[in-house]
Amino acid sequence: MVSSAIVLGLTAATVLVFTGIGLFAARGRIDSVETYISARDSAGSGTLAATVIASMMGVWILLSPAEAGAAFGGLPAVLGYAIGSAIPLLLFIPVGARIREVMPAGHSLTEFAYARFGSGMYLLVLLVSVFYMFIFLAAEMTGIAGALALVADVPLWQTSLLIGGFVLVYTTYGGLLASIVTDTVQTLVILPLLAVGFGGALLSLGGTSEFHATVVSADPTLLDPTFGPGLQFGLYVAFALLGANMLNQGVWQRVYAADGEGALRRGMGIAALVVVPMLLLSGLFGIAAAGLGLTESGSASIAFFLVLAEAFPTWVTLAVVVLAVLLVMSSADTMFNAIASVVTADLARLLDDPDQRTLWLGGRGLTVAVALAAMFIGAQGYSVLQLFLTADLLAAGVFVPFLAGLYTERLTGPGAVVSGIAGLLVGFAYFPSLRGLVAAVPGVGSLLPTPSFLLAFAGATLVSAALTVAATVLGGADADLDSLGREVRALDDPVADGGSEQ
């Protein structure tokens, strides 16, 4: 085991360096709330690709794909994670262009939900998106705290407080601009560190031939691309990731940060290509852990770091520690900024002509509160994959009617709400992780079907999609999508209220 003092010192040095980068990047450039939460039209294709990669690929990529490979189906489960992560980025190319066309001065997905559908769908999207962002933060803190506890016996609370505290410093000061700059630098470090980590692991395990022989002799299904349970996992995780990312406010912010449609198209395309090998490499660590017999005690959730502790030399371990810290920072600052942007845009609409100081304090204050709660959850040691799957289920049931509002004028607010809630009810009925909670409702337990992750995610998505189509065909709405661009204004405009022109 590596010395806890060395690991804590390395962690502190890493967060201090990137906190300094974030503070320096934003110094003198944040002149309004609008700049703080949007960084509009500031990112070229390379910068956009880097910030999307860093913001989406948190420390969960060292945990969830590896856990999937070790415990949920081997290679096909890992492939499902990799491909499922790329699909939403490709979908954001046309969807992002449409968002910018319909609501060019927008800031948040909740802002669009209110302007397009009214208060009912707004509340549903608000609850789902904020819950997802909170779970994302909690999972990131859980992941890094558990990782450093395993490799160096660092107390969980120390890791959560150190990393979460310093990320809060530069994000509450520099907003989205600081996040984009640090993301870009972090990506340039993360990618080679991941390659070094995997290369070091292969050398320690005797090379690719030895790795393959060890895994096949332990369990041939781990490397079988046709293994049924793995294919099933890969399919439902693709549904989960699609819904979650389409309702990810961090990605919505970066859609607006892109410097034109060309930058959006190239940036998202590059990001989609890069995340596939990243997740494949990570998932192979889980397969290795299972092949080496390291996950037999039910510890698949930390499979990546079990291999790290078993096979890596100290220098590789320390490189991976830096990698993990950077991954957490890059995704945590995204979620902090995403929460701030949602809160700030909504406060501007809800309050009576708020001044800039009120918007600053409101957005930053709630962000700090959510961050502290996420740090607390992160110190409890829950399964990162289970945390994500719970949040993903909510998004899977809501994202189809939400996105449909971008393209059709006939879908009403009540129709969208009913479609989303019906999808969620189907998902809850089948979702294994919530079985105990749902069954506790009087009279419901005996009615529940056999639990299934695949039917939970596919059912939530497909049922909400089918009802969205029906509500659109039968709907009598005649929404004016062109008017959204006039209603939603920049927060530093003279008539700005975050949503409505007086």
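Residues numbered from 1 in each chain as written. Predicted model: local features only at pLDDT ≥ 70, side-chain atom pairs only at ≥ 80, totals over all residues. Heavy atoms only, no water.

1. Re the overall build of the chain
- When you go through the chain residue by residue, the secondary structure sums to 20 helices and zero strands.
- Here the chain, with 502 residues, has 59% of them falling under the buried criterion.
- Considering only intrachain contacts with a sequence separation of at least 6, the fraction spanning at least 24 residues in the chain is 84%.
- When the accessible area of the chain is evaluated, it comes to approximately 17,700 Å², of which 67% is carbon and sulfur surface. (Helix = DSSP H or I, 4+ residues; strand = E, 2+ residues; numbered from the N terminus. Buried < 20%, exposed > 50% of the residue type's maximum accessible area, 1.4 Å probe, protein only. Contact = heavy atoms within 4.5 Å. Areas by Shrake-Rupley, 256 points an atom, 1.4 Å probe, with all protein chains shown as cover.)

2. Quick look at the packing of helix 5 (residues 74–102) against helix 11 (residues 249–257)
- One way to put it is that helix 5 packs onto helix 11 with a least axis distance of 10 Å and a crossing angle of 70°. In terms of orientation, helix 5 and helix 11 fall into the roughly perpendicular class. Helix-helix and strand crossings are classified by hand; for helix 5 and helix 11 the assignment is right-handed. Between helix 5, through Phe92, Gly96, Ile99 and Arg100, and helix 11, the contact on the second element is made entirely by Val251, Trp252, Val255 and Tyr256. (Axes fitted to C-alpha atoms, helices over the stretch in contact; angles between N-to-C directions. Parallel < 35°, antiparallel > 145°, perpendicular 65-115°, else oblique. Left-handed = near helix turned anticlockwise from the far one by under 90°.)

3. Things to note about the packing of aromatic side chains
- Counting across every chain of the model gives 12 aromatic pairs.
- Between Tyr114 and Tyr122 the ring centres are 5.6 Å apart and the planes differ by 85°, which places this aromatic pair in the edge-to-face class.
- For Tyr122, a relative accessible area of 7% gives the class buried.
- Aromatic pair Phe233 and Tyr236: ring centres 4.9 Å apart, planes at 70°, arrangement edge-to-face. Placement of the pair is Phe233 and Tyr236 together in helix 10 (residues 228–246), with a separation of three residues, close to one helical turn. (Phe/Tyr/Trp six-rings, centres within 6.5 Å; stacked < 30°, edge-to-face > 60°.)

4. Quick word on the nonpolar core
- Of all hydrophobic cores here, the largest spans 160 residues; its most connected members are Met57, Leu62, Met121, Phe305, Phe402 and Phe457.
- With 20 residues, helix 14 (residues 314–350) is the largest single contributor of residues to this core.
- Leaving out residues up to four positions away in the same chain, Met121 has contacts with Ala113, Val398, Pro401, Phe402, Ala416 and Val417. (Core = buried A, V, L, I, M, F, W, Y, C linked by side-chain atoms within 4.5 Å.)

5. Comments concerning the environment of Leu447
- Within the secondary structure, Leu447 sits in the loop between helix 18 (435–439) and helix 19 (453–474).
- It is 8.9 Å that separates the C-alpha atoms of Leu447 and Ala429, two residues lying 18 residues apart in sequence.

6. Side note on the pattern of salt bridges
- All told, the structure shown has three salt bridges when counted by the stated rule.
- Measuring nitrogen to oxygen at the nearest pair gives 3.4 Å for the salt bridge that ties Glu101 to Arg98. Here Glu101 and its partner Arg98 are both found in helix 5, three residues apart, which amounts to about one turn of the helix.
- Here Glu101 falls in the exposed class, since its relative accessible area comes to 56%.
- Judged by relative accessible area, which is 17%, Arg98 ranks as buried.
- The closest approach of N and O atoms between Arg254 and Asp183, which form a salt bridge, is 3.1 Å. (Salt bridge = Lys/Arg side-chain N within 4 Å of Asp/Glu carboxyl O.)

7. Here's the deal with the side chain of Ser282
- One can find Ser282 in helix 12 (residues 261–291).
- Among all residues touching Ser282, those that are not within four sequence positions of it are Ile61, Leu62, Pro65, Ala66 and Phe304.

8. Details of the confidence of the model for the chain
- On average, the chain scores 81 in pLDDT, and the residues at 70 or more come to 88%.
- Counting interchain partners and residues more than four positions distant, the pLDDT-below-50 stretch residues 494–502 has 22 contacts. (pLDDT = per-residue confidence, 0-100.)

9. Some points on the environment of Phe453
- With respect to the secondary-structure elements, Phe453 resides in helix 19.
- For Phe453, a relative accessible area of 14% corresponds to the buried category.
- A sequence separation of 64 residues divides Phe453 from Leu389, and the C-alpha atoms of the two residues are 9.1 Å apart.
- Other than its neighbours up to four places away in sequence, Phe453 contacts Tyr236, Gln386, Leu389, Phe431, Pro432 and Ser433.

10. Side note on the packing of helix 3 (residues 45–56) against helix 12
- Running from N to C, helix 3 and helix 12 cross one another at 40°; their axes reach a closest spacing of 8 Å. Taken as axis vectors, helix 3 and helix 12 run oblique relative to one another. Relative to helix 12, the crossing made by helix 3 is right-handed. For the pair helix 3 and helix 12, contact is made by Ser45, Leu48, Ala49, Val52 and Ile53 and by Ala263, Leu264, Arg266, Gly267, Met268, Ile270, Ala271, Val274, Val275 and Met278, respectively.
- In the contact of helix 3 with helix 12, the residues fall into 12 nonpolar, two polar and one charged. (Nonpolar A, V, L, I, M, F, W, Y, C, P; charged D, E, K, R; others polar.)

11. Quick look at helix 17 (residues 413–430)
- Compared with an ideal rise of 1.5 Å per residue, which puts 18 residues at 26 Å, helix 17 spans 26 Å between its outermost C-alpha atoms and is within 8% of the ideal.
- Turning to helix 17, its buried residues are Gly413, Gly415, Ala416, Val417, Ser419, Gly420, Ala422, Gly423, Leu424, Gly427 and Ala429.
- The opening residue of helix 17, the one whose side-chain oxygen lies 3.0 Å from the backbone nitrogen of Gly415, is Thr412. (Expected span 1.5 Å × (residues − 1). Polar contact = N/O pair within 3.5 Å; in protein donor to acceptor, adjacent residues only side chain to side chain.)

12. A word on the side chain of Ser419
- Along the chain, Ser419 falls in helix 17.
- A polar atom in the side chain of Ser419 sits 2.8 Å from the backbone oxygen of Gly415.
- In this structure the side chain of Ser419 is engaged in a polar contact, spanning 3.3 Å, whose partner is the backbone nitrogen of Thr468.
- Beyond its immediate stretch of four places on either side in the chain, Ser419 contacts Gly397, Pro401, Ser464, Leu467, Thr468 and Ala471.

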